[in-house]
Amino acid sequence: MTKICRFEGNRLGILDGDQVVDVTPALDVLPAVRWPIPAGDLLIQNLGAVIAASLPLMATGARHAVAAVNFLSPVANSSKVIGAPVNYSKHQDEANADGGKNFDLDVKTIDHYGLFLKANSSLVGTGEMIEIAYPSRRTDHEIELVAVIGKGGRNIARDDALDHVAGYCLGLDMTIRGTEDRSLRKSLDTFSVAGPWLVTSDEIADPNALQMTLTVNGGVRQHANTADMIFDVQKLIEYASQFYTLVPGDMIFTGTPEGVGPVDVGDMLNCTIEGVGSAAVIIGAAARQY
Ligand code: MN
């Protein structure tokens with residue numbers, strides 16, 4: 001029953017109500033590693049030990065108000081950021097109604113497209129700014145539930161799938177429109193936002209029944225429920241593991257519901273997923289624009 005986070009300065013935190021308690025010394029339980037470093041995230045791989053080491057530190061650790069913390073991605077070294085294209089029927093409908101929003105005139109669903117990968121260099125936390133690198137092109141928001149793999153495997157059976165989940169976080173699968181492959185258009189630096197913390201899987205009874213909302217400058221754009229996913233979380237894990245060996249810290253962005261839309265520099269996104277968390281994320285300009 002834990003919400004665990006990484007924040008400014010690579011500090012480790014545990015949520016206690018509306019405060020983050022600094023439990024960074026708990027990281028000392030992580031094993032020392034040498035090259036070549038095995039794929040995956042050391043913290044997620046050793047999550048149980050880290051949480052156990054954190055609990056005695058809760059009484060004495062420095063406390064910060066959640067609102068004052070700049071959250072980094074709770075997964076620092078994800079080996080794979082997996083995306084689920086068109087995993088909500090109403091999102092398929094809006095994409096087609098929009099004349100084929102990604103220059104595809106007959107948008108199909110995840111059954112047709114399978115999965116895609118986002119560069120792990122695109123991963124940031126909710127306390128880091130999303131950067132618009134191509135201001136002349138349209139950049140869209142996509143709120144998504146993210147499942148973080150805790151126990152790796154191949155050919156994971158549906159019935160075992162949720163046992164492989166360490167926890168969940170809120171995600172934004174940012175996208176620029178265009179003709180290029182998804183793996184390029186969704187992999188710009190800062191285009192995979194995860195956070196604000198990892199909620200351990202024991203806190204989420206059913207990941208396929210969570211309400212989520214995204215607003216831009218206060219106006220509601222996306223308001224939907226993960227119950228409408230075409231491939232639910234179990235099926236995404238089963239399916240992904242038939243193609244990729246999953247390792248601890250792999251992240252599955254489970255797809256976005258209807259209501260995607262453009263963002264511009266200066267916009268403020270407010271995102272909420274029931275039982276997972278809420279975050280405000282700022283849209284800014286990239287240092288170099290094209
Ligand atoms: Mn998406």
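Heads up: the structure comes first, above all this text.
*Asks:* With reference to specific residues and values, describe the overall build of the protein.
*Replies:* When helices and strands are counted, the protein shows 6 helices and 20 strands. Taking 19 Å as the expected radius of gyration for a compact globule of 290 residues, we find that the protein reaches 18 Å, a close match to that expectation. Dimensions of the protein, computed from the C-alpha atoms along their principal axes, are close to 55 × 45 × 40 Å. For the protein, the accessible surface area stands at approximately 12,200 Å², while carbon and sulfur atoms represent 51% of it.

*Asks:* Please give an account of the sheet that holds strand β13 (residues 175–176) that cites residues and values.
*Replies:* Whenever strands of a sheet pair, they do so through backbone hydrogen bonds, lying parallel or antiparallel. If you walk across this open sheet you meet the 3 strands as β13-β10-β18, and the pairing is antiparallel. Only two strands of the sheet have a single partner each, and these edge strands are β13 and β18 (261–263). Where strand β10 (residues 139–141) and β18 come together, 3 bridges link them in antiparallel fashion. Residue pairing across strands places T139 opposite V263, the latter belonging to β18.

*Asks:* A description of unusual backbone geometry should follow, citing residues and the corresponding values.
*Replies:* For the peptide bond that leads from W35 to P36, omega is -5°, which places it in the cis range. Here P36 lies in the loop between β3 (19–22) and α1 (42–45). Omega for the peptide link from G195 to P196 comes to -10°, which places this bond in the cis form. Looking at the element boundaries, P196 is found in strand β14 (residues 192–200). Phi is positive for N155, which is not a glycine, with a value near 50°.

Conventions adopted
- Residues numbered from 1 in each chain as written.
- Predicted model: local features only at pLDDT ≥ 70, side-chain atom pairs only at ≥ 80, totals over all residues.
- Heavy atoms only, no water.
- Helix = DSSP H or I, 4+ residues; strand = E, 2+ residues; numbered from the N terminus.
- Rg over C-alpha atoms; globule rule 2.2 N^0.38 Å.
- Areas by Shrake-Rupley, 256 points an atom, 1.4 Å probe, with all protein chains shown as cover.
- Pairing = 2+ DSSP bridges.

Geometry only, nothing functional implied.
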